[in-house]
Amino acid sequence: MCLAVPGKLVRIEGDVGFVEFAGAERRIGLALLPEVNPGDWVLVHAGFAIQRMDESQAAESMRLVNELFDSGEPGKENG
């Protein structure tokens, strides 16, 4: 399964961005979305920002991801 995850862009160094995911900072590529700025929310897939989104969209996406992982769907380890 492929999954894109929203994160908040905290800083940019050239064509590399640093995004915060649940308190952890990760390095991502910005080549596909060069017009973003620190403070923007972005959807990240395979290490690249692929779409800008607003904070409410990001919150809803994370709610759905958390719901999926908490649901006990196949593929989730249950202990």
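Higher on the page you've got the structure.
As the structure is a computational prediction, the values presented were derived from the model and not from experiment.

A. Here's a closer look at a nonpolar patch on the surface. A cluster of nonpolar side chains, Leu3, Leu68 and Phe69, forms an exposed patch at the surface whose accessible area comes to about 240 Å². As for its placement among the helices and strands, Phe69 is situated in helix α1 (residues 55-70). The class for Phe69 is partly exposed, based on a relative accessible area of 40%.

B. Representation of the pairing of strand β2 (residues 16-21) in the model. Strand direction decides the pairing type here: strand β1 (residues 5-13) and β2, joined by 5 bridges, are antiparallel. Counted as the bridge partner of Arg11 is Phe18 from β2. Between the antiparallel neighbours β1 and β2 lie 2 residues, among them Gly14 with a positive phi of about 70°. Hairpin connection of β2 to strand β3 (residues 24-29): 2 residues between the antiparallel strands, including Ala22 at a positive phi of 50°.

C. Here's a closer look at the packing of aromatic side chains. Under the definition given, this model contains 0 aromatic pairs. Between the NZ or CZ atom of Arg11 and the centre of the ring of Phe18, over which it lies, the distance is 4.0 Å.

D. Looking closely at the environment of Gly47. Of note, Gly47 is situated in the loop between β4 (41-45) and β5 (48-53). You can call Gly47 partly exposed: its relative accessible area is 33%. Residues Gly47 and Val5, spaced 42 residues apart in sequence, show a C-alpha to C-alpha distance of 10.0 Å. In contact with Gly47, not counting residues within four places along its chain, are Ile28 and Gly29.

E. Region of interest: unusual backbone geometry. The phi dihedral of Ala22 falls on the positive side, at around 50°, and the residue is not glycine. Position of Ala22 among the secondary structure elements: in the loop between β2 and β3. Phi at Ala46 is positive, roughly 55°, even though this residue is not glycine.

What counts, and at which threshold
- Residues numbered from 1 in each chain as written.
- Predicted model: local features only at pLDDT ≥ 70, side-chain atom pairs only at ≥ 80, totals over all residues.
- Heavy atoms only, no water.
- Patch = residues over 30% accessible without salt bridge, like charges linked within 9 Å, V, L, I, M, F, W, Y side chains within 5 Å.
- Areas by Shrake-Rupley, 256 points an atom, 1.4 Å probe, with all protein chains shown as cover.
- Salt bridge = Lys/Arg side-chain N within 4 Å of Asp/Glu carboxyl O.
- Helix = DSSP H or I, 4+ residues; strand = E, 2+ residues; numbered from the N terminus.
- Buried < 20%, exposed > 50% of the residue type's maximum accessible area, 1.4 Å probe, protein only.
- Pairing = 2+ DSSP bridges.
- Phe/Tyr/Trp six-rings, centres within 6.5 Å; stacked < 30°, edge-to-face > 60°.
- Lys NZ or Arg CZ within 6 Å of the ring centre and 35° of its normal.
- Contact = heavy atoms within 4.5 Å.

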